Amino acid sequence: MSFIKSENLNIIEKGDLKYITFPSLCADGVKHAFSTRFGGVSEGIFSTMNLSFSRGDSDEKVLENYKIICSALGVDYNKCVLSKQTHTTNIRIVAPADIGKGIIKERDFDDVDGLITNIPGVTLVTQYADCVGLLFYDPIKKVIAASHAGWRGTVGEIGRKTVEKMHEAFGSEPSDILAAIAPSIGKCCFEVDTPVYEEFIRLQNVDLNRIIDDKGNGKYNIDLWECNRQILINAGVLASNISVTDLCTKCHSDIFFSHRATQGKRGNLAAFICLDEVSE
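Figured I'd write up the structure that's included with this text. (Residues numbered from 1 in each chain as written. Predicted model: local features only at pLDDT ≥ 70, side-chain atom pairs only at ≥ 80, totals over all residues. Heavy atoms only, no water.)

**Examining the sheet that holds strand S3 (residues 30–35)**
Move 1: Here six strands make up an open sheet; going across it, the order is S1-S2-S3-S15-S7-S4 and the pairing mixed. The open sheet has two edge strands, strand S1 (10–14) and strand S4 (80–82), and neither has a second partner. The average undirected angle you get between the axes of adjacent strands in this sheet is 30°.
Move 2: In this structure, strand S7 (residues 123–128) lies alongside strand S15 (residues 269–275), joined through six bridges in antiparallel fashion. Directly across from valine 125, in S15, lies its bridge partner phenylalanine 272.
Move 3: Those strands touched by helix H1 (residues 59–73) are S1, strand S2 (17–21), S3, S4, S7 and S15, and its axis lies near 55° from that of S2. (Pairing = 2+ DSSP bridges. Helix = DSSP H or I, 4+ residues; strand = E, 2+ residues; numbered from the N terminus. Axes fitted to C-alpha atoms, helices over the stretch in contact; angles between N-to-C directions. Contact = heavy atoms within 4.5 Å.)

**What about the packing of aromatic side chains?**
Geometry of an aromatic ring pair is reported as the spacing of the ring centres plus the angle between the planes.
Move 1: Under the counting rule described, the total for this entry stands at six aromatic pairs.
Move 2: Pairing phenylalanine 3 with phenylalanine 38 gives two aromatic rings, centres 5.3 Å apart and planes at 80°, and the pair type is edge-to-face. Separated by 35 residues along the polypeptide, phenylalanine 3 in the segment before S1 and phenylalanine 38 in the loop between S3 and H1 bring together distant segments of the chain.
Move 3: Look at phenylalanine 3 and you get partly exposed, because its relative accessible area is 24%.
Move 4: On the accessibility criterion, phenylalanine 38 (28% relative accessible area) is partly exposed.
Move 5: Where phenylalanine 53 meets tyrosine 66, the ring centres are 5.7 Å apart and the plane angle is 0°; that geometry is what we call stacked. (Phe/Tyr/Trp six-rings, centres within 6.5 Å; stacked < 30°, edge-to-face > 60°. Buried < 20%, exposed > 50% of the residue type's maximum accessible area, 1.4 Å probe, protein only.)

**Remarks on the nonpolar core**
Move 1: With 37 residues, the main nonpolar core has Phe136, Ile181, Phe200, Ile222 and Leu232 as its most contacted residues.
Move 2: For this core, the elements supplying multiple residues, two or more each, are strand S8 (132–138), strand S9 (143–149), helix H3 (158–170), strand S10 (178–181), helix H4 (194–200), strand S13 (219–222), helix H6 (224–234) and strand S14 (242–244).
Move 3: In terms of residue count, the dominant contributor to this core is H6 (five residues).
Move 4: Each residue touching phenylalanine 200, except ones within four places of it in the same chain, is listed here: Trp151, Thr154, Val155, Leu208, Ile212, Ile222, Leu224 and Cys227.
Move 5: Grouped together as the second largest cluster of nonpolar side chains are 33 residues, Leu9, Phe22, Cys131 and Leu178 included. (Core = buried A, V, L, I, M, F, W, Y, C linked by side-chain atoms within 4.5 Å.)

**Observations regarding the pairing of S13**
Move 1: Bridge count for strand S11 (residues 191–193) against S13 is three bridges, and the pairing is antiparallel. Bridge pairing in S13 links glutamate 191 to asparagine 221.
Move 2: Alignment of strand S12 (residues 212–216) against S13, held across four bridges, turns out to be antiparallel. Residue pairing in the sheet places glycine 216 in a bridge with lysine 219 of S13.
Move 3: Count of turn residues in the S12/S13 antiparallel hairpin: two residues, of which asparagine 217 carries a positive phi of about 55°.

**As for H6**
In an α-helix, one turn spans 3.6 residues, which is why side chains three or four residues apart end up on the same side.
Move 1: Within H6, nine of the 11 residues are buried, which leaves the element mostly enclosed by the surrounding structure.
Move 2: Inspection of H6 places Leu224, Trp225, Glu226, Cys227, Asn228, Arg229, Gln230, Ile231 and Leu232 among the buried residues, and these make up the whole buried set.
Move 3: For H6, the N-terminal cap is aspartate 223; the gap from its side-chain oxygen to the backbone nitrogen of tryptophan 225 is 3.1 Å.
Move 4: Glycine 236 lies just past H6 and shows a positive phi near 105°. (Polar contact = N/O pair within 3.5 Å; in protein donor to acceptor, adjacent residues only side chain to side chain.)

**Examining the pattern of salt bridges**
Move 1: On inspection of all chains with the given rule, the structure shows 14 salt bridges.
Move 2: Across the pair arginine 160 and glutamate 164 runs a salt bridge whose closest N-O atoms are separated by 3.0 Å. Separated by four residues within a single helix, arginine 160 and glutamate 164 lie in helix H3, roughly one turn from each other.
Move 3: Since its relative accessible area comes to 42%, glutamate 164 is described here as partly exposed.
Move 4: Salt bridges sharing partners connect three or more residues here, namely Arg92, Asp98, Lys101 and Asp108. (Salt bridge = Lys/Arg side-chain N within 4 Å of Asp/Glu carboxyl O.)

**So, H3**
Move 1: Its 13 residues place the ends of H3 18 Å apart at the C-alpha level, agreeing with the 18 Å of an ideal helix rising 1.5 Å per residue.
Move 2: Taken together, the buried positions of H3 are Ile158, Gly159, Thr162, Val163 and Met166. Here the buried residues of H3 occupy an arc of 145° about the axis, which is enough to place them on one side.
Move 3: Structurally, H3 contributes buried residues whose contacts are with strand S5 (91–93), strand S6 (114–117), S8, S9, helix H2 (151–155) and H6.
Move 4: Positioned one or two residues after H3, glycine 171 has a phi angle of 80°, which is positive. (Expected span 1.5 Å × (residues − 1). Arc of directions from axis to C-beta.)

Below, the structure is given as structure tokens:
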């Protein structure tokens, strides 16, 4: 029996290691995953699969966690590139010189919440603990992307901007792109006050009635999953090409790291996506 149930996502268990894949991205030519808290070597508030080097965990343990999950996915941890997220909508085209940055080499970039590449064998890595992870794969042009959409990134439409950058840099047609919206805080738990609500109501071409519940007293619950789904559809991604999570990280804080559930005392989850290397 699976340790958690999902109607929309695939739950993968390999011994102690447990991670998630998305039906839309289970395609030839790409490897991908979204981690859970299970299968690593970290301890305490970081137990066990913490994938952040910047929250106080041992660097040696975090690197070992990367080795464990990358081995299970069949990718090379030395060829991972880790974002440097600051809730922007900045997106970096990953070049050969970036390979290993954030994992085995120092990063020389900052304020990067999205990554795109067409280089086979390079794994893009973005990190989460309630924010929304977005993954993209164009099987025609052979391009991948990963973007971090907290509420600021969501209202900044980083999903649309990622699709546009894939088209601009590599000629990806939005209708060809396969996309996934990863486990993150659900509408059930994402309560905000008026200033954040006012940011969302500025969004254009989004059905706010499906996204926002007014709870009264200046409190609102917001559906980041549906908001990002509509943003992707407005960008030209086909609804049938999008996998949407049904797992809330705060509701399942025993399974996922959740910033809100732990008041920030936690590690980080990660999303991984890699183009397969072509055998000669």
